[in-house]
Amino acid sequence: MAVDQNKLKYTKDHEWISLDGKKGIIGITEYAAEQLGDVVHVELPQVGQEFEQGDTFGSVESVKSVSDLYIPVTGRVIEVNDVLLDNSEIINEDPLEEGWLIKIETDAMGEYKELMTNEQYQSFLSEEA
Amino acid sequence: MKRTPLYEDHKTLKARLIPFGGWDMPVQYKGVGLEHLAVREDVGLFDVSHMGEFLVKGTGAKDFLQKVTTNDVAKLYDGRCQYSLMCYENGTVVDDLIVSQVSNNEFILVVNASNIEKDFAWLNQHLSDDVTLENLSDQKALLALQGPKAQNLLNEFLDTDFSGLKYYHFQPAEYQGINLLVFRTGYTGEDGFELMVPAEKASLFWNDLLKKGSVFGIEPIGLGARDTLRLEACFSLYGHEISDAILPLEAGLGWVVKLDKGDFIGRGALIDAKETGLKRKLVALEMVEAGIAREGYEVFQEGEKIGVITSGTHSPLSKKSIALALVSAHKAQVNDEVQVNLRGKNRTAKVVKKPFYARAS
């Protein structure tokens, strides 16, 4: 089941969020996963933790470096992808679906609206490169 | 930024290039994990042309090398190589290198890419009258072919039986009329060879080896996997386990320092250090809790700081985070637990026996 990248919104730090009502799923983009190289370790938050937009909610580590993860919108963590703790390679294999990092509950529709669309994110990437 | 003769070939293979010691080098092609496993299971090809090659010639060449290196050059004969070190007067390390005897009057030195100018100046500074020193680094390219299938591939490639070429020996060979030297040496802990070819022919060898090797599962290997492979095998990397602030005896390289061979630069200081008792030692750590222990991270035992990490990575083979650390000589015994400060958090690691990986003979 291929994910529709047009249904996701993106941040400048290469996170994506998929919003359904008040429930959001968050992960990192294919570009981010590729830049990192083989992900060997993930640090994820606890269920129940609350973050403001832009807060660091965890980190992904590759042989090359550690990258902090920044939450795209203000919200409360309702689920974390524990499978990644022993199988971090899933992030490289399928960053947009199986490699999801956390699920949140959010009211921050205003923040969400300001995030980049897929088209804007792709533009942003071509400027970055 | 300097480039090896294979720069365009790396770009064709869509390698990710990074600056390394002033060179634009491939850090990975398909991925560090995949490349690491390819070397452990099949065969991998590395561009190590950035490394330096010097030619030392003359009737005084052997005595000169005996003076400036720590290993015993008297043990060399034609076709024999040895891993060695050059030390400063205070016993710390100028560089690690491989010394190979072509004849009693001719030797080839292979040195680290990041130290070429420094090493050349150091050798020049101490040169005797009956010795000449030539820097061949720009004329030579070095390709490393490493893995359990390396010999099978090289036998076919050069139409020669290399089963008689022993470890740390070298011999001349020929390919399509081109002369090359085949060294049975390597930095991965696997069986393998390092091929010294004319720089302008590097691309030919690179591409032909990749083609001929595809049936053996050959992969081009970048510096990322080069580091994970050498760390698994507990080989030192200059600037990390050895440097101008570390004694070879502290780095566990006593076996390369022949204090009884006669005088050499640094001998006095190393004898003193040995007699006083070494203050530091290199240990192998395996992280018990997840996360990579990186160079510079502090190591603690029972609340007391005992040293720092010199190199660390994640092994794609064992799937564990492994590291080498320079710590107080009397702490961190094998099986002890220590803590490594990973960006503010103390994480547990276990001291293990070296090496992390050794190939089945």
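Nothing here was measured: the structure is a model prediction, and the numbers come from that model.

About the thresholds
- Residues numbered from 1 in each chain as written.
- Chains lettered and ligands numbered in written order.
- Predicted model: local features only at pLDDT ≥ 70, side-chain atom pairs only at ≥ 80, totals over all residues.
- Heavy atoms only, no water.
- Pairing = 2+ DSSP bridges.
- Helix = DSSP H or I, 4+ residues; strand = E, 2+ residues; numbered from the N terminus.
- Axes fitted to C-alpha atoms, helices over the stretch in contact; angles between N-to-C directions.
- Parallel < 35°, antiparallel > 145°, perpendicular 65-115°, else oblique.
- Left-handed = near helix turned anticlockwise from the far one by under 90°.
- Contact = heavy atoms within 4.5 Å.
- Nonpolar A, V, L, I, M, F, W, Y, C, P; charged D, E, K, R; others polar.
- Buried area = accessible area lost by both parts, 1.4 Å probe.
- Salt bridge = Lys/Arg side-chain N within 4 Å of Asp/Glu carboxyl O.
- Phe/Tyr/Trp six-rings, centres within 6.5 Å; stacked < 30°, edge-to-face > 60°.
- Buried < 20%, exposed > 50% of the residue type's maximum accessible area, 1.4 Å probe, protein only.
- Lys NZ or Arg CZ within 6 Å of the ring centre and 35° of its normal.

Q: How should the sheet that holds strand β2 (residues 15-20) of chain A be read in this particular structure?
A: Neighbouring strands of a sheet are bound in pairs by backbone hydrogen bonds; such pairs are parallel or else antiparallel. All names here are of chain A. Here we have 6 strands laid out as an open sheet, ordered β1-β2-β3-β9-β8-β5, and antiparallel in their pairing. Of all the strands in the sheet, just β1 (9-10) and β5 (50-51) have a single pairing partner and so form its edges. For strand β8 (residues 75-80) and strand β9 (residues 102-105), the ladder comprises 4 bridges, and the chain directions are antiparallel. The residue of β9 that forms the bridge with V80 is I102.

Q: Looking at this structure, I do not really get the packing of helix α2 (residues 32-41) of chain B against helix α7 (residues 223-232) of chain B. What am I missing?
A: Describing two packed helices takes the angle between their axes plus the distance from one axis to the other. Residues and elements named next belong to chain B. Running from N to C, α2 and α7 cross one another at 55°; their axes reach a closest spacing of 8 Å. In this view, α2 runs oblique relative to α7, as classed from their interaxial angle. Of the two elements, α2 crosses α7, and the hand of that crossing is right-handed. Across the interface between the two elements, V32, E35, H36, V39 and R40 from α2 touch G224, A225, T228, L229 and E232 from α7. Residue classes in the contact of α2 with α7 are distributed as 4 nonpolar, 3 polar and 3 charged.

Q: So what exactly am I meant to see when it comes to the interface of chain A and chain B here?
A: Contacts between chain A and chain B engage 14 residues on the former and 14 residues on the latter. Counting the surface lost from both chain A and chain B, the interface buries some 1,100 Å², and carbon and sulfur atoms represent 43% of this. Contact with chain B buries area across many residues of chain A, yet V40, E61 and V63 of chain A alone supply 40% of it, more than any other trio. Seen at the junction of chain A and chain B, the total is 3 salt bridges.

Q: How do you make sense of the packing of aromatic side chains when you look at a structure like this?
A: Two numbers describe a pair of aromatic rings. These are the distance of the centres and the angle of the planes. In total, this model carries 13 aromatic pairs over all chains according to the counting rule given. Seen from their ring centres, Y167 of chain B and Y168 of chain B are 4.9 Å apart, and the 85° between their planes marks the pair as edge-to-face. You can call Y167 of chain B partly exposed: its relative accessible area is 44%. Residue Y168 of chain B is classed as buried on the basis of its relative accessible area, which comes to 15%. Of the aromatic side chains, those joined through ring pairs into one cluster are Y10, Y121 and F124 of chain A. Against the face of Y357 of chain B rests R40 of chain B, its NZ or CZ located 3.8 Å from the ring centre.

Q: Would you take a moment to explain the environment of E30 of chain A for this structure?
A: As for its position among the elements, E30 of chain A is in helix α1 (residues 30-36). With residues near it in sequence (within four places) discarded, E30 of chain A still touches Q5, P95 and L96 of chain A.

Q: Is there a simple way to think about the sheet that holds strand β14 (residues 280-287) of chain B in this case?
A: Residue and element names in this part refer to chain B. Sheet architecture is closed into a barrel: 6 strands sit in the order β14-β17-β16-β15-β18-β19, paired in antiparallel fashion. Direction aside, the axes of adjacent strands within the sheet are offset by 45° on average. Summarising the sheet, strand β18 (residues 337-342) and strand β19 (residues 345-352) pair through 6 bridges and their orientation is antiparallel. The residue of β19 that forms the bridge with N341 is N346. In the packing of α7 onto the sheet, the strands contacted are β16 (304-314) and β17 (321-328), and the crossing angle to β16 comes to about 130°.

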